[in-house]
Amino acid sequence: MNTILVTATEESTGKTAVALALARLAQERGLSVGYMKPKGTRLQSNVGKTLDEDPMLARELLGLDAEVHEMEPIVYSPTFIEGAIRGRESPDELREEIRTNFDSIAEGHDVMIVEGGGDLTTGGIVGLTDPEIAELLDAEVLLLSGYETPADVDELLAAVDDIGDRLAGVLFNAVSNTNFDPLDTDVVPFLEGRGIPVLGVVPRQQDLAGITVGDLAEELNAEVLTRADTDEFVERFLVGAMSGDKALRYLRRTRDAALVTGGDRPDLQTVALEAPGVKCLILTGGFRPPGAVIGKAEEKGVPIMLVQADTLTTIDRAEDVIRSGRTRNEETVERMGELLHDHADVGALLDGEGDEE
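Keep in mind that this is a model prediction, so the values were computed, not measured.

**Comments concerning the overall build of the chain**
- Counting secondary structure elements, the chain contains 16 helices and 15 strands.
- Taken along its principal axes, the extent of the C-alpha atoms in the chain is 65 × 50 × 35 Å.
- A burial count over the chain gives 52% of its 357 residues as buried.
- Sequence separation of 24 or more characterises 69% of the internal contacts of the chain that already satisfy a separation of 6 or more.
- Per element, the accessible surface of the chain, about 16,400 Å² overall, is 44% carbon and sulfur.

Listed below in structure tokens is the structure:
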């Protein structure tokens, strides 16, 4: 049986989409596939109630019979971490639980896809980092990484050292057009010259990287105050707390952003409407802006949404939506499967041979 653990140098690098897409590609090759995510990190509360939908999605998309608690035996919550620090969790017992559940799930399968939790260092408190889990389950490791500047290679090399001989290869995911050529012509040869296999460079796709303004409004339970188009994509959030002049210089440097600010800041709202990279305004505290601001927003085609929560709560919720809302559905997994087929050496992972096409 071939076991592949999918981990990443940092959070929100596309582990779930890649892991499930890889599993479906294996099924298309006629292989029987199982799935496991030993550490659940998507939490509803500090006491450990999990909102992790990844195992449920895996069950649905892969047609699996295993129970969710078997596929995700550890809920890596703040309460769990505190308990581990105070000696209330036994690393040996946790390792045995993971191994037992893995053996049960893996029975009869040709391939096991194991999804890491957070980044590759998550779980260190109980000796269950992703490299340690790979050792426990005798898995090869697919390391996902983003790429924006050459300095990112330092973090990648540190991760490669942590993984050691179990590294199957590196997959760069969501690489922008501007970074694609430097990565391909400079970084990939550098890594391969050091004996680090690069299995693919997947280009950034906006429909996978962000969320539409309309979907964001629905997730935030926001009231949309304008009649502007809500189909634009948002990929990042900015907190508006500066003066108008400073804000305009700052906002002009951003792209595909939502500005989150108090509804009682019409000066900042007016300035933000002049920045082409601001795709919508999210006004907090339940304060409605003046009619002049709404009118200008409709003229510029920029949606304004109103939420009752404070700015900090809204930012936390919005960033969680960006991190998890767009990467966990069947459409996204299918799209990622197409990208892996076109831009990654899937054969090197699934059967140890490079793709022929």
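**What about the sheet that holds strand β6 (residues 140–145)?**
- Spatially, 6 strands are ordered β2-β5-β1-β6-β7-β8 in an open sheet, and the strand pairing comes out parallel. Edge positions in the open sheet fall to β2 (33–36) and β8 (198–203), since each of these has one partner strand only. For this sheet the average axis-to-axis angle between neighbouring strands, irrespective of direction, equals 20°.
- In this sheet, strand β5 (residues 111–115) lies alongside β2 in parallel orientation, the contact comprising 4 bridges. Residue G34 lies in a different strand from β5, and its bridge partner there is M112.
- Seen against the sheet, helix α7 (residues 152–163) touches β1 (2–8), β6 and β7 (167–175) and runs at an angle of roughly 170° to β6.
- Sitting on the sheet, helix α15 (residues 330–343) touches β7 and β8, and the angle it makes with β8 is about 130°.

**Here we look at the packing of helix α5 (residues 91–106) against helix α6 (residues 130–137)**
- α6 packs onto α5 with a crossing angle of 55° between their chain directions and a minimal axis gap of 10 Å. In terms of orientation, α5 and α6 fall into the oblique class. Of the two possible hands of crossing, α5 and α6 adopt the one that is right-handed. On α6, the residues that touch R95, I98, R99 and F102 of α5 are E132, L136 and L137.
- Broken down by class, the residue content of the contact of α5 with α6 amounts to 4 nonpolar, no polar and 3 charged.

**Here we look at the pairing of β5**
- Within β5, 5 of the 5 residues are buried, which leaves the element mostly enclosed by the surrounding structure.
- Going residue by residue along β5, you find V111, I113 and E115 tucked away on one face and M112 and V114 tucked away on the opposite face as well.
- Alignment of β1 against β5, held across 5 bridges, turns out to be parallel. In the sheet register, V6 faces β5, and the bridge partner there is E115.

Parameters at a glance
- Residues numbered from 1 in each chain as written.
- Predicted model: local features only at pLDDT ≥ 70, side-chain atom pairs only at ≥ 80, totals over all residues.
- Heavy atoms only, no water.
- Helix = DSSP H or I, 4+ residues; strand = E, 2+ residues; numbered from the N terminus.
- Buried < 20%, exposed > 50% of the residue type's maximum accessible area, 1.4 Å probe, protein only.
- Contact = heavy atoms within 4.5 Å.
- Areas by Shrake-Rupley, 256 points an atom, 1.4 Å probe, with all protein chains shown as cover.
- Pairing = 2+ DSSP bridges.
- Axes fitted to C-alpha atoms, helices over the stretch in contact; angles between N-to-C directions.
- Parallel < 35°, antiparallel > 145°, perpendicular 65-115°, else oblique.
- Left-handed = near helix turned anticlockwise from the far one by under 90°.
- Nonpolar A, V, L, I, M, F, W, Y, C, P; charged D, E, K, R; others polar.

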